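Chain residues, written in single-letter form:
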Amino acid sequence: LQQRATFAPERVAYRFLGDGETGESRVTYGELDLRARAIATRLQDMGARGERALLLYPAGLTFIEAFFGCLYAGVIAVPSPLPRRNAQRLQAMITDSGATIALTNAALLTKLESIAGQLRWLATDNIDGADTYLEPELSADSLAYLQYTSGSTATPKGVMITHSNVLHNSASIHQGFAHTSDSRALTW
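Rules behind the numbers
Residues numbered from 1 in each chain as written. Predicted model: local features only at pLDDT ≥ 70, side-chain atom pairs only at ≥ 80, totals over all residues. Heavy atoms only, no water. Phe/Tyr/Trp six-rings, centres within 6.5 Å; stacked < 30°, edge-to-face > 60°. Helix = DSSP H or I, 4+ residues; strand = E, 2+ residues; numbered from the N terminus. Buried < 20%, exposed > 50% of the residue type's maximum accessible area, 1.4 Å probe, protein only. Salt bridge = Lys/Arg side-chain N within 4 Å of Asp/Glu carboxyl O. Axes fitted to C-alpha atoms, helices over the stretch in contact; angles between N-to-C directions. Parallel < 35°, antiparallel > 145°, perpendicular 65-115°, else oblique. Left-handed = near helix turned anticlockwise from the far one by under 90°. Contact = heavy atoms within 4.5 Å. Pairing = 2+ DSSP bridges. Right-handed = clockwise from strand over helix to strand, strands pointing away. Core = buried A, V, L, I, M, F, W, Y, C linked by side-chain atoms within 4.5 Å.

Asks: Please clarify how the packing of aromatic side chains should be interpreted in this entry.
Replies: Counted by the stated rule, this structure contains 4 aromatic pairs. Both rings, one in Phe 63 and one in Phe 67, keep their centres 6.1 Å apart while their planes meet at 25°; by these two values the pair is stacked. One end of the pair, Phe 63, and the other, Phe 67, are both in helix α3 (residues 61–73), 4 residues apart, so they sit about a helical turn from each other. By relative accessible area, Phe 63 is classed as partly exposed at 27%.

Asks: Teacher, can you tell me more about the pattern of salt bridges here?
Replies: Side-chain pairs of opposite charge can arise whenever the charged atoms involved come near each other. As enumerated under the stated definition, the model contains 6 salt bridges in all. Of the charged contacts, one joins Arg 15 and Glu 24 as a salt bridge, the two residues approaching to 3.3 Å between their closest N and O atoms. For Arg 15, a relative accessible area of 44% translates into the label partly exposed. Note that Glu 51 is salt-bridged to Arg 120, the shortest N-O span being 2.7 Å. Of this pair, Glu 51 sits in the loop between α2 (29–45) and β3 (52–56) while Arg 120 is found in strand β6 (residues 120–123), placing the two residues 69 residues apart along the sequence.

Asks: Any chance you could explain the packing of α2 against α3 here in plain terms?
Replies: Two packed helices can be described by the angle between their axes and the distance between those axes. Interhelical geometry of α2 versus α3 gives an angle of 55° and a closest axis separation of 7 Å. Between α2 and α3, the interaxial angle falls into the category oblique. Viewed along their axes, α2 and α3 form a crossing whose handedness is right-handed. Residues Leu 32, Asp 33, Arg 35, Ala 36, Arg 37, Ile 39, Ala 40, Leu 43 and Gln 44 of α2 form the contact with α3, whose participating residues are Ile 64, Glu 65, Ala 66, Phe 68, Gly 69, Cys 70, Tyr 72 and Ala 73.

Asks: How should I be thinking about the pairing of β3 in this particular structure?
Replies: Regular strands have side chains that alternate between both faces of the sheet. Taken across its 5 residues, β3 has 4 buried, putting it largely inside the fold. Where β3 and strand β4 (residues 76–80) come together, 5 bridges link them in parallel fashion. Within β4, the position partnered with Arg 52 by the bridge is Ile 76. Between the parallel elements β3 and β4, the chain passes through α3 in a crossover that is right-handed. Of the pairings in the sheet, the one linking β3 to strand β5 (residues 101–104) comprises 3 bridges and is parallel in character. For Ala 53, the partnering residue across the bridge sits in β5 and is Ile 101.

Asks: I would appreciate a short explanation of the side chain of Thr 28 in the present structure.
Replies: By the element assignment, Thr 28 lies in strand β2 (residues 24–28). Excluding residues within four positions of it along the chain, Thr 28 makes contact with Pro 9, Glu 10, Arg 11, Val 12 and Ala 13.

Asks: How do you make sense of the environment of Gln 3 when you look at a structure like this?
Replies: Within the fold, Gln 3 resides in helix α1 (residues 2–7). Distance from Gln 3 to Ala 92, taken between C-alpha atoms, is 37 Å for residues 89 residues apart in sequence.

Asks: Even after reading the chapter, I still don't get the nonpolar core, so can you show me in this structure?
Replies: What tends to happen in soluble globular proteins is that the nonpolar side chains get buried as a cluster. One finds Leu 43, Leu 55, Cys 70, Val 75 and Leu 103 to be the most contacted residues of the largest nonpolar core, which totals 33 residues. For this core, the elements supplying multiple residues, two or more each, are α2, β3, α3, β5 and β7 (143–148). The element that contributes the greatest number of residues to this core is α3, accounting for 9 residues. Those residues within four positions of Leu 43 in sequence are excluded, and the remaining contacts are Ala 48, Gly 69, Cys 70, Ala 73, Val 75, Ile 101, Leu 103 and Leu 122.

What follows is the structure, given as structure tokens:
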């Protein structure tokens, strides 16, 4: 992201189609880099480096900003679906991951805080400024995020994903699909 923000800051990094076909919102590499740095700065100010942070967002670009913010801060992201009927799955993920922080948007903050009040909470949609951002020392073996199973048949189980794992998987996808800088991918 940092490299693309430097060399192609105005290029669109992600588009989100709110209803799957229209309602597009987008973020450029430059904008995403700035948002990630602002979130990372706040996480660094909280002393969160090396801690695990739940990411609790509705579908959209704010999740991507928070995910990169965690990577930029050296915080281990724990993507999580929003709790629907009860918070058992969320509580199991908190316990298993050792999460101490939760990131969400301002609209969901109060509701989610009441479900898992033991965490330090941060609404990321109103964070500005990255004046004191410091790039963390990371290695290929540094933990990037924890990916959990759905928990539909048992307690959710997490898998540790390192920065090396992410880069290797991205390189494999690039090689397998022969992507170019003009390629587009659709995911859900």
